[in-house]
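If you want the building blocks of each chain, they are given just below.
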Amino acid sequence: MILRMGLDDLQEVLSISASYTLNLWTEKMFLEEMNNPTSHCFVAKLKRGNDLSVIGFICFRNLGSETELLHLCVHPKYRRQGVGKRLMQYYMDFCIQRGIRTYYLEVDPSNEPALHLYKGFSYKPLSVRKDFYQGGREGLVMGKEIMEG
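Anyway, here's the lowdown on the structure attached to this text. Here the structure is a predicted model, which means the values were calculated and not measured.

## Focus: the layout of surface pockets
Stage number 1. The volume enclosed by the largest pocket comes to roughly 880 Å³.
Stage number 2. Lining the largest pocket are 31 residues; nearest its centre among them are Leu72, Asn111, Ala114, Leu117 and Tyr118.
Stage number 3. Residue assignment for the lining of the largest pocket shows that the elements contributing at least two residues are β4 (66–74), α3 (83–97), β5 (102–107) and α4 (112–120).
Stage number 4. In terms of residue count, the dominant contributor to the lining of the largest pocket is β4 (7 residues).
Stage number 5. Tallied by class, the residues present in the lining of the largest pocket amount to 17 nonpolar, 8 polar and 6 charged.

## Some points on unusual backbone geometry
Stage number 1. Positive phi outside glycine occurs at Arg80, with the angle close to 65°.
Stage number 2. Secondary-structure assignment places Arg80 in the loop between β4 and α3.
Stage number 3. Given a relative accessible area of 75%, Arg80 falls into the exposed group.

## With respect to the pattern of salt bridges
Stage number 1. Summed over the entire model, instances satisfying the criterion amount to 3 salt bridges.
Stage number 2. For Lys45, the salt bridge goes to Asp9, with nearest N and O atoms at 2.7 Å. With Lys45 in strand β2 (residues 39–48) and Asp9 in the loop between β1 (2–4) and α1 (10–18), the pair connects residues that are 36 residues apart, well separated along the chain. Both residues of the pair, Lys45 and Asp9, count as buried.

## A short note on the packing of α1 against helix α2 (residues 27–35)
Stage number 1. One way to put it is that α1 packs onto α2 with a least axis distance of 10 Å and a crossing angle of 120°. Here α1 lies oblique to α2, going by the angle between them. Seen along the crossing, α1 lies across α2 with a hand that is right-handed. Each of Leu10, Gln11, Val13, Leu14 and Ser17 in α1 lies in contact with α2, whose residues at this interface are Glu27, Phe30, Leu31 and Met34.
Stage number 2. A breakdown of the residues in the contact of α1 with α2 according to their chemical character gives 6 nonpolar, 2 polar and 1 charged.

About the thresholds
- Residues numbered from 1 in each chain as written.
- Predicted model: local features only at pLDDT ≥ 70, side-chain atom pairs only at ≥ 80, totals over all residues.
- Heavy atoms only, no water.
- 1 Å grid on protein atoms, 1.4 Å probe; cavity = no way out; pocket = protein on both sides within 12 Å on 5 of 7 lines; lining within 4 Å.
- Points joined across faces, edges and corners; volume = space filled by probe spheres on them.
- Helix = DSSP H or I, 4+ residues; strand = E, 2+ residues; numbered from the N terminus.
- Nonpolar A, V, L, I, M, F, W, Y, C, P; charged D, E, K, R; others polar.
- Buried < 20%, exposed > 50% of the residue type's maximum accessible area, 1.4 Å probe, protein only.
- Salt bridge = Lys/Arg side-chain N within 4 Å of Asp/Glu carboxyl O.
- Axes fitted to C-alpha atoms, helices over the stretch in contact; angles between N-to-C directions.
- Parallel < 35°, antiparallel > 145°, perpendicular 65-115°, else oblique.
- Left-handed = near helix turned anticlockwise from the far one by under 90°.
- Contact = heavy atoms within 4.5 Å.

Remember that the coordinates give geometry; whether it matters functionally is a separate question.
Structure, rendered in structure tokens:
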């Protein structure tokens, strides 16, 4: 199930985020996005017994008819099981319902699973951002446009 990220999810989210060190977010960064009125953060949860565990998350920002995917990460144990795809579909549906037409994101060009995921949602490479990631790695800017009608 996909739910709005709450403060009680933050420790699990930070742990998952730490598994992908190129885009390491701090607790302060997550809190800022969670409190930003243009930002939206959601978690994918899996029921284990009586508990719900966070297995992935997505954060994005909507402004007018544009959106930028800020961070998407899945727990290493649950990668390649469709969690990222479900989070992306949730994100797309959320944005389409709000009239979003233009989509952007940055991705590590060597992250083949992420590239495959985004291309599956019709994102196309647009440009490269030098020194985007920690350690001076470049980021590939991708985008897509949804036409009205």
